[in-house]
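Tertiary structure, described
Chain by chain, the residues run as shown.
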Amino acid sequence: MIDLPVASPWFVQVRVSDTLTLVTEPHVHPLLRCNVWHVQGRDRDLVVDTALGLRPLRQFVERELDGGLLAVATHTHGDHVGGMHEFAERAVHRAEAHALDRAGLAVLDPGVFGEEVLGPYRDAGYDIPALLVDAVPAGGLDAALLEIAPAPATRVLDDGDVIDLGDRAFEVLHLPGHSPGSIGLWEAASGILFSGDAVYDGPLLDELEGSDVVAYVASMRRLRDLPVTVVHGGHEPSFGRERLVAICTEYLDRHDA
Ligand SMILES: [Zn+2]
Ligand SMILES: [Zn+2]
C-alpha cells in the first residue's frame, strides 16, 4: 500500500464554457496529469481521454442523453486510457487500436521511465519525485504499477473521419510523432482543437517507443498552419494560436534541418 495522504475528491472539474468541462487530477505529477475533456453536444457527448484509471471517471462526464457518450483516446499511453473500459463506446486511431485490446499499465514509479521521458521534464525544470502522485485516492493505491483493463475499440478512426455530436462536429486529424496513432480533434467552425500529446504547452516527448521525429515534423507543420482559436492539449493549460505557432516553430527549428 502506498503511504500518502488521501485526497478526496480525486478529480477536479473546471467549467471551461457552457459545453466544455475539464476534469483533471491535481495530485498527479504534470508528466502524467492528463486533461480529460468533456464536450456536451445536442445529441451526444464526447469525452477526450480518460486519465490513469486510479478512480472511476464516468460519473463526472456522463449526462442523461439518448445519443450517449463517445470516449476517444487521443493515443494509448497509460495516462490517457486508464478509464476507457468504463465507457461503452470507445474510439481510437487505427494505428493504436490493437493497444486497447490488451491490459495496459499506469506507471506511478518514475524509475520505470527512462531518460527519454524524464530528461525533457528535468530539462524544463520539473522536479521528479520518488512517486508521480503526492496523494492517493480514497481506497488507497496498492502499488506504483497498476493494471489498466482492456477496452477494445468499438470505432476505429482514420484521418478525416468526423465525430458528429448533432449540433457540432469534430474532424479527426492524424498527428503521428509522439506516438503512431496520435490524433487531434478539430472543430473548424469554432477553431477548437483537442490535441492530445501531439502538442501541449510543456515538454513534448518524441523519443519514446513508437515515437517518430520525421512524422512529428510533418504533424507540427500541419498544426502550425491550423487556424485555431484555442488548443486544449493532453497536458498543461490551454493556449491560443500565437502560442501554438511558437511551439510548432520551436520544434521545427530544432528538428527540421
Ligand atoms: Zn503520450
Ligand atoms: Zn500524456
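Anyway, here's the lowdown on the structure attached to this text. (Residues numbered from 1 in each chain as written. Chains lettered and ligands numbered in written order. Predicted model: local features only at pLDDT ≥ 70, side-chain atom pairs only at ≥ 80, totals over all residues. Heavy atoms only, no water.)

Thoughts on the coordination of the zinc ion (ligand 1)
- Only His-75 (NE2), His-77 (ND1), His-178 (NE2) and Asp-197 (OD) from the protein reach the zinc ion (ligand 1) as donors, at distances of 2.1 to 2.3 Å.
- Taken together, the four donor atoms coordinating the zinc ion (ligand 1) and their angles of 89 to 176° define a geometry best described as irregular.
- The sequence motif formed by the donor residues of the zinc ion (ligand 1) is H-x1-H-x100-H-x18-D.
- The distance between the zinc ion (ligand 1) and the zinc ion (ligand 2) comes to 3.4 Å, and Asp-197 binds to both of them. In this pair, His-75 sits in the loop between β6 (69-72) and α2 (78-81) while Asp-197 sits in the loop between β15 (192-196) and α4 (213-224), placing the two residues 122 residues apart along the sequence. Of the two residues, His-75 and Asp-197, both sit in the buried class. (Donors = N, O, S within 2.8 Å, 3.2 Å for Na, K, Ca; no water. Tetrahedral: all angles 85-135°; square planar, octahedral: opposite > 155°, others 65-115°. Helix = DSSP H or I, 4+ residues; strand = E, 2+ residues; numbered from the N terminus. Buried < 20%, exposed > 50% of the residue type's maximum accessible area, 1.4 Å probe, protein only.)

A short note on the sheet that holds strand β11 (residues 155-157)
- An order of β2-β3-β4-β5-β6-β7-β11 is seen for the seven strands of this open sheet, with the pairing classed as mixed. The open sheet is flanked by β2 (12-17) and β11, the only strands paired with a single partner. Going across the sheet, the axis of each strand differs from the next one's by a mean of 20°, ignoring polarity.
- Taken together, the four bridges between strand β4 (residues 36-40) and strand β5 (residues 45-48) define a ladder with antiparallel strand orientation. Its bridge partner lying in β5, Trp-37 is registered against Val-48. (Pairing = 2+ DSSP bridges. Axes fitted to C-alpha atoms, helices over the stretch in contact; angles between N-to-C directions.)

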